[in-house]
Amino acid sequence: KTKIVQREPECEDSIRRCARLYVKIGGARNLPKALTGSSTSSYCIVDLQDKQVRTQTIWSTREPMWMEEFYLDVVNPDEEIAKITCWKMEKAGKGDVIGKIEIPVKTLSDQKQHEQWYPLASA
């Protein structure tokens, strides 16, 4: 599961930016064990249209706590989808996808903070 918090201010410039999405990646619970039976090292990537941000890697735990915050500009809140992917870090490179969630920005457009856990879907 991943926690996301969202707050949307009023539009400042409807041509360049209609909204700003505030995302807080809090943590994850019960991530699968690594193939070796040890704890998993993991990170998250947040995608929104052509923008992408990444959390730090949290090493050797099945319950990482990132507590990282990001602001992403939203051009079209009615159509954009925030995609959060949780990755298992591998020593040789990027690693494997643990799971992902997709949240339509329009479901968060009430200008309130939404704090909740989301279950990760299989990738």
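1. Here's the deal with the nonpolar core
Core analysis: the biggest nonpolar cluster contains 24 residues, and Leu-21, Ile-25, Val-46, Leu-48 and Trp-66 have the highest contact counts within it. Elements represented by at least two residues in this core include exactly strand E2 (19-27), strand E3 (42-48), strand E5 (65-74), strand E6 (81-90) and strand E7 (93-104). Residue contacts for Trp-66: discarding those within four places in its chain leaves Ile-25, Gly-26, Gly-27, Ala-28, Ser-42, Tyr-43, Cys-44, Thr-55, Gln-56, Ile-58 and Cys-86.

2. Some thoughts on the pairing of E3
Taken across its 7 residues, E3 has 6 buried, putting it largely inside the fold. Direction of pairing for E3 relative to E6: antiparallel, over a ladder of 6 bridges. Paired with Asp-47 across the bridge in E6 is Lys-83. The turn joining E3 and strand E4 (residues 51-54), which pair antiparallel and follow one another in sequence, is formed by 2 residues; a positive phi near 55 degrees is taken by Gln-49.

3. Structural notes on the pairing of E5
Covered by surrounding structure in E5 are Trp-66, Glu-68, Phe-70, Leu-72 and Val-74 only, the residues Met-65, Met-67, Glu-69, Tyr-71 and Asp-73 on the alternate face being uncovered. Here 8 bridges tie E2 to E5, and the two strands are oriented antiparallel to one another. From the neighbouring strand, Ile-25 faces E5, where its bridge partner is Glu-68.

Parameters at a glance
- Per chain, the residues get numbers from 1 upward, laid out in the order the sequence is written.
- Per-residue local features are limited, in this predicted model, to residues with pLDDT of at least 70; the limit for side-chain atom pairs, both in listing and counting, is 80 or more; totals at the level of whole chains, interfaces and linings are taken over all residues.
- Remark: hydrogens and water are excluded; side-chain values derive from all non-hydrogen atoms of the structure.
- In plain words, nonpolar cores are sets of buried Ala, Val, Leu, Ile, Met, Phe, Trp, Tyr and Cys residues tied together by side-chain atoms within 4.5 Å.
- The cut-offs for exposure are 20% and 50% of the maximum accessible area for each residue type, with area from a 1.4 Å probe on protein chains only; residues under the lower value are buried, those over the upper are exposed, and the others partly exposed.
- By the criteria applied, helices consist of DSSP H or I runs no shorter than four residues and strands consist of E runs no shorter than two, each listed in order from the N terminus.
- Here a residue-residue contact requires only that any non-hydrogen atoms of the pair lie within 4.5 Å.
- Two strands qualify as a pair provided DSSP detects at least 2 bridges between them.

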